[in-house]
Every structure is written in structure tokens, then in C-alpha cells.
Amino acid sequence: DTAVSQTPKYLVTQMGNDKSIKCEQNLGHDTMYWYKQDSKKFLKIMFSYNNKELIINETVPNRFSPKSPDKAHLNLHINSLELGDSAVYFCASSPLGAVGYTFGSGTRLTVV
Amino acid sequence: GEDVEQSLFLSVREGDSSVINCTYTDSSSTYLYWYKQEPGAGLQLLTYIFSNMDMKQDQRLTVLLNKKDKHLSLRIADTQTGDSAIYFCAERGSGGGADGLTFGKGTHLIIQP
């Protein structure tokens, strides 16, 4: 299936831990993104990468570090997790400059 | 920076039309989008409109864009219980590069029987 796939779908972890969320797209898109949706359902872009190069880095704590090993993958590593990091994280991709964005189904992160 | 505003809730009766409104501030927006999110699910693209268009219709969905007032609306005709969801308005700027989307806070559409 052609898609944007994220793993894991659910992640429950303790405060202070380090965790990663993986994202892969097989659509041949050049650009990938991470968005965060908080408990009030507000969605905000965190990062965008074009062809492995960081393009957008919104005001996000530096505990969050995206890594793009190749243009089909954009992983999100989070250090020293805090309660406020609990959210749903969506990965997305698009062809550069094109109209359409394809979203993954989200990773629900719960920090306890 | 860019800002996208929507009212948080809309309640309509089943069978009526729903109109969800959105305003945005970025006059250089190139595309405007409507996404639907059902409970516990991801984001589903419903439709989008290019900024030089006034209207786009797709089956039960009608999008109206007033570029002068920076106002976008989504009309859902004959609203059904399956339309119950959060509807996000989003805009893409004119950067031309790896622009992400700026989302509104979402409108919760509640369908009354």
C-alpha cells in the first residue's frame, strides 16, 4: 500500500525517558513533516524536511530532534520526556511545492 | 505570523446544511484546505481550493473563498450523522518550498437527530 506509516501507533512511557517515533513514506515525496496535536485537538507544525534537509523548525524544545536518514524517512526522537509532551504526533509528506499533503494515522504519546 | 481562526463548535440538525467558517491572515496564502478528523482517527483531506478561485463544489461539499476578506467556508449539504467530526481549516503560504500547513483550531460539528 502506498502511504505514510508511523510506528508505534501508541506509546506510553514514563517522565524522563527518551523515545523515538518512526515515519516512512513510499510515495516518492520530497518533503516530510511532523505535526503535534495537543489534548485540545490543536494542530501545529513542528518540523519540515526537504530531501533530508531541515527547512522549518518551529519553536519546539531542543529535546525534540528530528532525523532524516533518507528522503523516505523522518524519525522524531524525544529526550527527557515531560508530561506536556503527551499528544498525538502526525507525520506527513508532500511532493515539493505540490498541493497535496498525505498524513500518517498518528502516534498517541502518553507520558506518565 | 500566520493565523487561522474558526469557531470551535457547530450544532446542526440531521438533513440540514452545515456551514463552517474560517478566517485567515496570510494574504499570500496559495492554497486553502479543509480536513476532517473523526474521533480517534487521522486527518482526511476533504477538499482544497486555490487562492485565485471563488468556489469549488464536490458532491455535498461547497467551498467558498472570499480572498478580499480572507474568509473561507465549507458547506456540507444534507448533513448526516457520519459527518460528525472535527473540521480543520488550513492554509499554505507562498514560500514555494517545504511549506507546511497552518491549521485552525478545528470546528467540532455536532449532529442532532
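Since the model is a prediction, treat every value here as computed from it, not as a measurement.

Notes on the overall build of chain A
A tally of helices and strands in chain A yields zero helices and 11 strands. The secondary structure elements of chain A, listed N-terminal to C-terminal, are β-β-β-β-β-β-β-β-β-β-β. Against the 2.2 N^0.38 benchmark of 13 Å for 112 residues, chain A shows a C-alpha radius of gyration of 13 Å, consistent with a compact globule. Going through the 112 residues of chain A one by one, you find that 45% of them count as buried. A separation of at least 24 residues holds for 54% of the contacts in chain A among residues at least 6 apart in sequence.

Considering the sheet that holds strand E8 (residues 73–78) of chain A
Residue and element names in this part refer to chain A. The strand order across the open sheet built from four strands is E1-E3-E8-E7, with neighbouring strands paired in antiparallel fashion. One side of each edge strand has no neighbouring strand; the edge strands of this open sheet are strand E1 (4–7) and strand E7 (64–70). Pairwise comparison of adjacent strand axes, ignoring direction, gives a mean angle of 20 degrees for this sheet. Summarising the sheet, E1 and strand E3 (residues 19–25) pair through four bridges and their orientation is antiparallel.

A few points about the environment of Phe-90 of chain A
Residues and elements named next belong to chain A. Checked against the element boundaries, Phe-90 lands in strand E9 (residues 87–94). Take Phe-90: its relative accessible area is 1%, and that puts it in the buried class. Once the C-alpha coordinates of Phe-90 and Gly-104 are considered, the two residues, 14 residues apart in sequence, prove to be 6.0 Å apart.

Digging into the state of the cysteines
Residue and element names in this part refer to chain A. Enumeration according to the criterion identifies two disulfides over all chains in this entry. Each sulfur of the disulfide joining Cys-23 and Cys-91 lies 1.8 Å from the other. Around the S-S axis, the bridge from Cys-23 to Cys-91 shows a dihedral of about -80 degrees and counts as left-handed. Of this pair, Cys-23 sits in strand E3 while Cys-91 sits in strand E9, placing them 68 residues apart in sequence.

As for the interface of chain B and chain A
At the junction of the two partners, chain B supplies 20 residues and chain A supplies 20 residues. For the pair chain B and chain A, the interface holds zero salt bridges. At the junction of chain B with chain A, the criterion picks out two residue pairs in polar contact (both at pLDDT 80 or more). Contributing elements (two or more residues each) for the side of chain B that touches chain A: strand E4 (31–37), strand E9 (85–92) and strand E10 (101–103) of chain B.

Focus: the pattern of salt bridges
Inspection of the entire model under this criterion finds six salt bridges over all chains. With its nearest N and O atoms 3.7 Å apart, the salt bridge here joins Glu-38 of chain B to Lys-36 of chain B. Residues Arg-60 of chain B and Asp-83 of chain B are paired through a salt bridge, measuring 2.9 Å at the closest nitrogen-oxygen approach. Taken together, the positions of Arg-60 of chain B in the loop between strand E6 (55–58) and strand E7 (61–66) and Asp-83 of chain B in the loop between strand E8 (71–76) and E9 put the pair 23 residues apart, joining distant regions of the chain. Overall, the relative accessible area of 33% leaves Arg-60 of chain B in the partly exposed class. Beyond isolated ion pairs, a larger network of salt bridges with shared partners links Arg-63, Glu-82 and Asp-85 of chain A.

Cut-offs used in this document
Residues numbered from 1 in each chain as written. Chains lettered and ligands numbered in written order. Predicted model: local features only at pLDDT ≥ 70, side-chain atom pairs only at ≥ 80, totals over all residues. Heavy atoms only, no water. Helix = DSSP H or I, 4+ residues; strand = E, 2+ residues; numbered from the N terminus. Rg over C-alpha atoms; globule rule 2.2 N^0.38 Å. Buried < 20%, exposed > 50% of the residue type's maximum accessible area, 1.4 Å probe, protein only. Contact = heavy atoms within 4.5 Å. Pairing = 2+ DSSP bridges. Axes fitted to C-alpha atoms, helices over the stretch in contact; angles between N-to-C directions. Disulfide = S-S within 2.5 Å. Salt bridge = Lys/Arg side-chain N within 4 Å of Asp/Glu carboxyl O. Polar contact = N/O pair within 3.5 Å; in protein donor to acceptor, adjacent residues only side chain to side chain.

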